[in-house]
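Notes for the structure review
Here's the letter readout for the chains.
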Amino acid sequence: QVQLVESGGGLVQPGGSLRLSCAVSGRIFSVYDMAWYRQAPGKQRELVAAITSSSRTNYADSVKGRFTISRDNARDTGYLQMNSLKPEDTAVYYCHGRIRTMSGKIDDYWGQGTQVTVSS
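Residues numbered from 1 in each chain as written. Predicted model: local features only at pLDDT ≥ 70, side-chain atom pairs only at ≥ 80, totals over all residues. Heavy atoms only, no water.

1. Some remarks on the environment of G113
Relative to the assigned elements, G113 resides in the loop between β10 (106-110) and β11 (114-118). Classification of G113 by relative accessible area gives buried; the value is 15%. Along the chain, G113 and C22 lie 91 residues apart, while their C-alpha atoms are 9.7 Å from each other. Non-local contacts of G113, meaning those with residues more than four positions away in its chain, are made with E6, V92, Y93 and Y94. (Helix = DSSP H or I, 4+ residues; strand = E, 2+ residues; numbered from the N terminus. Buried < 20%, exposed > 50% of the residue type's maximum accessible area, 1.4 Å probe, protein only. Contact = heavy atoms within 4.5 Å.)

What follows is the structure, given as structure tokens:
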């Protein structure tokens, strides 16, 4: 059984910062790509940022220069540092991981989501 648990969401004023964490646990052999997605009310889920196991990154145009994705492979944990937050960043943020379990199977896993609200 594999679990991804996000933390760090909350309410922040425009221009503020938040740091999201995604801890992977369970019978895992290796965590390959990790990513953060978000879904705002009435909108489709969209990719925010992604990072490979060798730490190559890519970002949505809307967050480039403001958000930074990183990971700690020793702790099987991913992070999303969000700076200069805007009201349009308000959404539920989901962690995604492509993971090989101890059984040898590779599959996609999702966290439960964490709410980020940017408002004055």
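Alright, that's what it looks like, and here's the rest.
2. Quick notes on the packing of aromatic side chains
Per the stated rule, a full pass over the model turns up one aromatic pair. The positively charged end of R45 is found above the aromatic ring belonging to Y94, 3.7 Å away from the centroid. (Phe/Tyr/Trp six-rings, centres within 6.5 Å; stacked < 30°, edge-to-face > 60°. Lys NZ or Arg CZ within 6 Å of the ring centre and 35° of its normal.)

3. Considerations on the nonpolar core
V24, W36, V48, F67, L80, M82 and Y93 are the most contacted members of the largest nonpolar core, which totals 28 residues. Among the secondary structure elements, those contributing two or more residues to this core are β1 (2-7), β3 (18-26), β4 (28-39), β5 (46-51), β7 (67-72), β8 (77-82), β9 (91-101) and β11. Beyond its immediate sequence surroundings of up to four residues, M82 is in contact with G16, S17, L18, L20, R66, F67, Y93 and V116. (Core = buried A, V, L, I, M, F, W, Y, C linked by side-chain atoms within 4.5 Å.)

4. Observations regarding the pairing of β10
Sheet analysis places β9 next to β10, joined by five bridges and oriented antiparallel. Its bridge partner lying in β10, H96 is registered against W110. In textbook terms, the turn of a hairpin is the stretch between consecutive antiparallel strands, and for β9 and β10 this stretch comprises four residues, one of which, G104, has a positive phi near 95°. (Pairing = 2+ DSSP bridges.)

5. Quick word on the sheet that holds β8
Across the sheet, four strands lie side by side as β1-β3-β8-β7; this open sheet has antiparallel pairing. Since the sheet does not close on itself, it has two edges, and those belong to β1 and β7, each with one partner. Between one strand and the next, the sheet's axes are offset by a mean angle of 15°, whatever the strand orientation. Bridge count for β1 against β3 is six bridges, and the pairing is antiparallel. From the neighbouring strand, V5 faces β3, where its bridge partner is A23. (Axes fitted to C-alpha atoms, helices over the stretch in contact; angles between N-to-C directions.)

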